[in-house]
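What the coordinates show
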Amino acid sequence: MTASGWIQLALYVGILALLTKPMGLFLVKVLDARGRTFLDPVIKPVERLMYRILGVDPQTEYNWKQYAVAMLLFSLVSCIFTYAILRLQACLPWYGAAQGHLSTVMTPDLAFNTAVSFTTNTNWQSYGGENTMSYFSQMVGLASHNFFSAATGIAIAAALVRAIARDKAKTIGNFWVDLVRINLYVLIPVCIVYALFLVSQGMIQNFRPYTDITVLEQAPATTQPAVQTLQMGPMASQVAIKMLGTNGGGYANANAAHPFENPTPLSNFIQMLSIFLIPSGLTYYLGRTVKSQKHGWAVWASMAVLFIGATTVCWWAESRGNPHFAELGVVQTGGNMEGKEVRFGIFNSALFANITTDASCGAVNSMHDSYTPLGGMMPMLNIQLGEIIFGGVGAGLYGMLVFVVVTIFIAGLMVGRTPEYLGKKIEAYDVKTASLAILILTHSILIFTAWACISDWGRAGLNNNGPHGFSEMLYAYSSAAGNNGSAFAGLNTNTPWWNTTMALAMLFGRFLMIVPIIALAGSLAGKKRIPQSAGSFPVSGVTFVVLLVGTILIAGALTFLPALALGPIVEHFLMTNTTQLF
Amino acid sequence: MSKIQEQRAKQHTEVALAQASDGIIRHFWMSIVATIALAVLVSGVYPLIVWGLAQMIFPNQANGSLLKDKDGKIVGSALIGQRFTDPRFFHPRPSAAGSGYDPMASGGTNLGPTSDKLINGIHKKMPDGKDDPSSFDGVKDLVAAYRRENGLDAVTRIPADAVTRSASGLDPHISVANALLQVPRIARARNMSQEQLRTLIDRYTQGPDLGILGEAGVNVLDINLALEDMKQ
Amino acid sequence: MATVTQTSRRSSTHTELSSGSRAKAQQRSLFDMEIVGPAIKASLAKLNPLLMVKNPVMFVTEVGAAVTTVELFFARTHSEPLGFVLQIALWLWFTVLFANLAEAMAEGRGKAQADGLRRSRTKASARKIDVNGIETLVPAETLRKGDTFVCTANDVIPADGEIIEGAATVNESAITGESAPVIREAGGDRSAVTGGTTVLSDRIIVRVTADPGESFMDRMIGLIEGAKRQKTPNEIALNILLAALTIIFLIVIMTLKPFGIYSGLLPSSISITILVALLVCLIPTTIGGLLSAIGIAGIDRMVQHNVLAMSGRAVEAAGDVDVLLLDKTGTITLGNRQATEFVPAPGVDPRELADAAQLSSLADETPEGRSIVVLAKEQFGLRGRELHELPHATFVPFTAQTRMSGVNINGTQIRKGAADSIATFVGSKFPDEVNKAVDKIARSGGTPLVVASNQRVLGTIHLKDIVKAGLPDRFRRFRAMGIKTVMITGDNRLTAASIAAEAGVDDFLAQATPENKLALIRKEQAAGHLVAMTGDGTNDAPALAQADVGVAMNTGTQAAKEAGNMVDLDSNPTKLIEVVEIGKQLLMTRGALTTFSIANDVAKYFAIIPAIMVATFPVIKPLNIMGLQSPHSAILSAVIFNALIIIILIPLALRGVKFRPLGAAVILRRNLLIYGLGGVTIPFIGIKAIDIIVNLMHLA
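So, the interface of chain C and chain A
- If you look at the interface, chain C gives 61 residues, while chain A gives 59 residues.
- Of the roughly 5100 Å² buried where chain C meets chain A, counting both sides, 79% is carbon and sulfur surface.
- When the buried area of chain C at its contact with chain A is split by residue, Phe259, Tyr262 and Leu668 of chain C rank highest and sum to 15% of it.
- At the junction of chain C with chain A, the criterion picks out one salt bridge.
- Notably, a salt bridge pairs Asp320 of chain C with Lys425 of chain A, separated by 3.5 Å at the nearest N-O pair.
- Linking chain C to chain A there are 11 residue pairs in polar contact (both at pLDDT 80 or more).
- Among the secondary structure elements, those contributing two or more residues to the side of chain C that touches chain A are α8 (233–263), α11 (312–320), α17 (471–480), α22 (575–599), α23 (601–613) and α25 (664–696) of chain C.
- The greatest single-element share of the side of chain C that touches chain A, amounting to 19 residues, is contributed by α8 of chain C.
- Split by residue class, the side of chain C that touches chain A holds 39 nonpolar, 14 polar and eight charged.

This is the structure in structure tokens:
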């Protein structure tokens, strides 16, 4: 654990904090159908055009049921759209650019898994981009969902926040207006600038065919020159939204570890910032909308505490390295370099791993599977908490608010009033929906993992044996149900069983969670807002942060302790105290 | 924030708009239209704008940061590592991408820290005496090979990056310590002074970005190109 | 003016009447054998699964206990020590029983009081009057709504009713515990009588207002016993959360089996007994077991303060109240104005004024009148003469027409009264100084009484409302808790403002009428506030019904009592403050024990997880941070702790956590430190200690 690491961590958190307010203020404008932004002169006409095409009246809103139906149908239709593109990619444009290199067959189950994966903002990839996807599949079939699913997440968070802020309201917003405005005002403009920056760092953005290069070192006696085939394509435009929208689906198999996809430490730093940019801004949006900026910052601080804590543990574990390597005479100056890139080193790998799993991003710049046990446990735990540490765009905030509701319900009574959150009484219905959201995640992860680990199809995909193999399965379903998409990537999941069960876990983790949350929004919106007084439950300040973090750790993390004990924890003790290998 | 802005912010209250009567059928239709209309924007207009600007402003990067030798022949991408086994070159890290540095199969080993395969490797021969495709060099083998290639004794400690595989399998860099350990071998093979090589390493070490971000490393393709240039 | 019925403070002498049993119940210690004995019996009866299923957490525990009991027969085939399985099974049964015991004890305390009430309800007979006015003696239980009966001295009133004729003094100690008699009379706000109370004098004719089984006494018994107790909204919500947690842990435990099989854990390490033990330890049994006891105890605490809450919901609402409507008279002020100053007219000797004032007040039995007598004595040493010392004096009582009172003595007519009445009486204008004095007193919130002797104006008496001691401080603490106090008074704005300022209330409603009181409640509620108020008159009924917490005075009318959701048997308006505090205390107790229960899980994980893994993976040993002796002793200790903590916390559940009138942030910090941090750390100590004992006794 080096000084430069601490400085980079401070720099990261500091810049993130500075960006939170401007991003939050901008979101306040965008997420209000009547809001005005500096982009209006350019974008307003496009916005109006979109409404006309869609037939949406931006002056109207939906109740929670209408909102949920719109969201579900849009997800369904766009999912089918992508499934069709993937299955038909050989007939669609640009297939030829990579022809001959697309060695992975696009089977129905792979297409289903991938379509679901991108629709649910998971971006789990049972395939390697460079040898599976045509440019058209990447740019239209997949990248579109990077926008759609991100906008959907933000829209739902906004609906929930509005619901909290409103007083006895029937409606929680207009899904179509939210969808259009988020895409037009936030995602597309930011991505244009961001993608150009990424290109400046060395990321590719072209439509050229895959390029064969005669490499520098040629064996003297062969007639066939040694070549290296370089992947080409519209990468920057896709990577920009993949990070900003916390989607995480890599253009290439190696994802953000690939030198094209993350060329420099600077591009790495900006990519990490872009993951947290919107989720962090949303906490400010929350504070501003509910008129308690301190609450917004308290939520931010809770996230920051969990983020810094997990990152530090992971970094520490990776810095210590692998004792088995040390025994072989390897000096691990930085730490465990297996599966990590030299330009990022230990700290930036550990930091990225935590950011990508705190958020529902899932892009990776190092291979989590090769982390030390405790180093790998932290990303897994981040996901299992529900990706609420900043979290996916929108998804992080609404997930965190579910925890806030549960926290207030458990501890709120202690101030001598029935629980109330920002003046909204938390009653049976709200507890029911919040509990449901938490139940779904835990159950999807644990039940699918249990199924896989006693099934032949489950164990067949393993790349590692012993506790680490268990970790691979646990991570896979955590990632799927949590809509993260990162992996202990040794696990081969491109089989019908894995593809299908993973797709189900992703669907459960996304939609079975979102629907109760929209219902919660509907319930909260309809409630009277009780004025705040000295007797109200304080939702800001150190006590609240401690309470929220404590609840998340006890109610969220401890649930997974038995499973983690059989995976990373026991592996840690085996690695440090024995020479046993698997 | 100015006073006026603050006041305006306070006035911003959450008030609901009128409720629309849109039902399921209507939402289904809107979903289809929205998918297509938005796809045109985010998968058509947007990537093309980026493409146009990128090709205009950063054509080199946008097309893969390709490097040419002095004859103008493309020899690789500055960002993508290549395989070097000849003693006259700096050697990159071991790679798990295909048979090594194959951009068509980027990735790492994905072996866990207690994997027997990762530490000890798998050594199987096929009946005809060739290596079985499942054969795999463990870190133990890589350490031995590195010592052998560079003529190091058994007590010399090997930098971690020299015997571990990167995440992408295409890592263009090696650590400075790794590069320095290779100096005697290259000097011997090329008849150069070790001092010359160390100076070269110094020159081709890419420090942390902005002086703080990331780690220092030596770009293997860059420095090997430089070696080839010096030959003539 | 005040009558005898205003017995607002409880007399200290508890009578030997049936109230004696109530008094005893209040002083009863928590573990009184009279309660514990039947409670133990009741806790066995509560094992009935049909009853248990209403409490998901304890139902799962009971099923677990049953499963481990069955496991006893398979201990040999599963190669588990029989003694270990037996102990786990026993402790799981104990866990369920302890939870039942908590509930039974809470109910038992109420039952003891209800039994006392029941005993007081003699098999009275009623002197029913039929349409022709003929009196017949019938059993009390045959009376129906609308019937009329007559009662004379020493009759026990056979049913709830309304006096339609006559007036009587009644001993209501059977329900209030207050032996001082109260006057009940036909018409007005004091016409209600309660079945089971005793007429002391006079004769009344009463119309029955409640059928048998629906009477006030019946409802009171039902409420105290908890027989008709319904879960409150917050209890329902909490039960949902606890059920959700239980389902989560159920999955955690069920999936542990396949996980264990994959990981190669020994089958005996993940046996059914051990998994059930782990499950019961993790689900929130502590709060699940104590939840209903806390609720019953809350109502019980109200009863101890002589307040009958008509539902648990009302007690909960009391905790949420953030606007208190307090009647000025009796709550904020001492109920009566007192003379504080004599302001003589120009040229009048103050002593003469005092003397005249005293004379005019000798027959005035109102507190105001007495205070004048006392003030004259204090200031001028004028001894209050006894009435029989003045045989020639004729006292003129206060009437609504004259609005003055006084005395005619030796041809002198002394009168005191409101300025305009005296002005009429003297038939001339007051001197300027007197007018000024009157104005000044009125402006300061006091009441000026002008005294005149024949046509001569002597001066003014300053009557002042006396604010009860300690109130401003109390209201300040309410403010810190976020509760707004509003004073309700019939006085004019000026007077009201002055008293409000002195008492330190946040707001006041002057010239209050039932209508504007109701409007005020509606306004506050529209702004999102929860309002509590007290009332006694029939015209208070709408406001009592509208308020979130309406405390009706027991002396009040039947209408008022039905409209409110609480009845204060002491008829003490100040009680509203205690009602709110008890409500808050109930909620705090529930929250504190929930937090404690959930925080307990940390230690239990660290006891059991290493225990089930260590046989297969000895390297996991460092995870056993408590250093528990063996896997079996670790599991047993966790289960024992889990059971015992319920018993240990019963007193806290019944008494409630200590209430402090502080701001929410401070209370939260404090309770979080005690019950949150305590909840995390105490089990570590407890389980370790039990583990030592278990090993000393070679139990595992």
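Overview of the pattern of salt bridges
- For the structure shown, the criterion picks out 35 salt bridges over all chains.
- A salt bridge links Lys44 of chain A to Glu47 of chain A; the shortest N-O distance between them is 3.3 Å. With Lys44 of chain A and Glu47 of chain A both in helix α2 (residues 40–54) and three residues apart, this pair spans about one turn of that helix. In terms of burial, Lys44 of chain A and Glu47 of chain A fall into one category: buried.
- Measuring nitrogen to oxygen at the nearest pair gives 2.4 Å for the salt bridge that ties Glu427 of chain A to Lys527 of chain A. One end of the pair, Glu427 of chain A, is in the loop between β6 (424–425) and α14 (428–453); the other, Lys527 of chain A, is in the loop between α17 (496–526) and α18 (541–557), with 100 residues separating them in the sequence.
- Through salt bridges with shared partners, a single ionic network connects Arg417, Glu420 and Lys425 of chain A together with Asp320 of chain C.

Points about the interface of chain B and chain A
- Between chain B and chain A, the contact holds 115 residues from the first and 129 residues from the second.
- At the boundary of chain B with chain A, total buried surface from both sides reaches about 9900 Å², with 66% on carbon and sulfur atoms.
- Where chain B meets chain A, there are zero salt bridges.
- Taken together, the links from chain B to chain A amount to 54 residue pairs in polar contact (both at pLDDT 80 or more).
- In the side of chain B that touches chain A, the residues fall into 59 nonpolar, 37 polar and 19 charged.

Section: the pairing of strand β19 (residues 531–535) of chain C
Residues and elements named next belong to chain C.
- Burial runs high along β19: five of the five residues are buried.
- Here β19 shows two buried faces, one formed by Val531, Met533 and Gly535 and the other by Ala532 and Thr534.
- In this sheet, β19 lies alongside strand β10 (residues 323–327) in parallel orientation, the contact comprising three bridges. Along β19, the bridge assignment pairs Leu324 with Ala532.

The rules behind these values
Residues numbered from 1 in each chain as written. Chains lettered and ligands numbered in written order. Predicted model: local features only at pLDDT ≥ 70, side-chain atom pairs only at ≥ 80, totals over all residues. Heavy atoms only, no water. Contact = heavy atoms within 4.5 Å. Buried area = accessible area lost by both parts, 1.4 Å probe. Salt bridge = Lys/Arg side-chain N within 4 Å of Asp/Glu carboxyl O. Polar contact = N/O pair within 3.5 Å; in protein donor to acceptor, adjacent residues only side chain to side chain. Helix = DSSP H or I, 4+ residues; strand = E, 2+ residues; numbered from the N terminus. Nonpolar A, V, L, I, M, F, W, Y, C, P; charged D, E, K, R; others polar. Buried < 20%, exposed > 50% of the residue type's maximum accessible area, 1.4 Å probe, protein only. Pairing = 2+ DSSP bridges.

None of this, on its own, says anything about what the molecule does.
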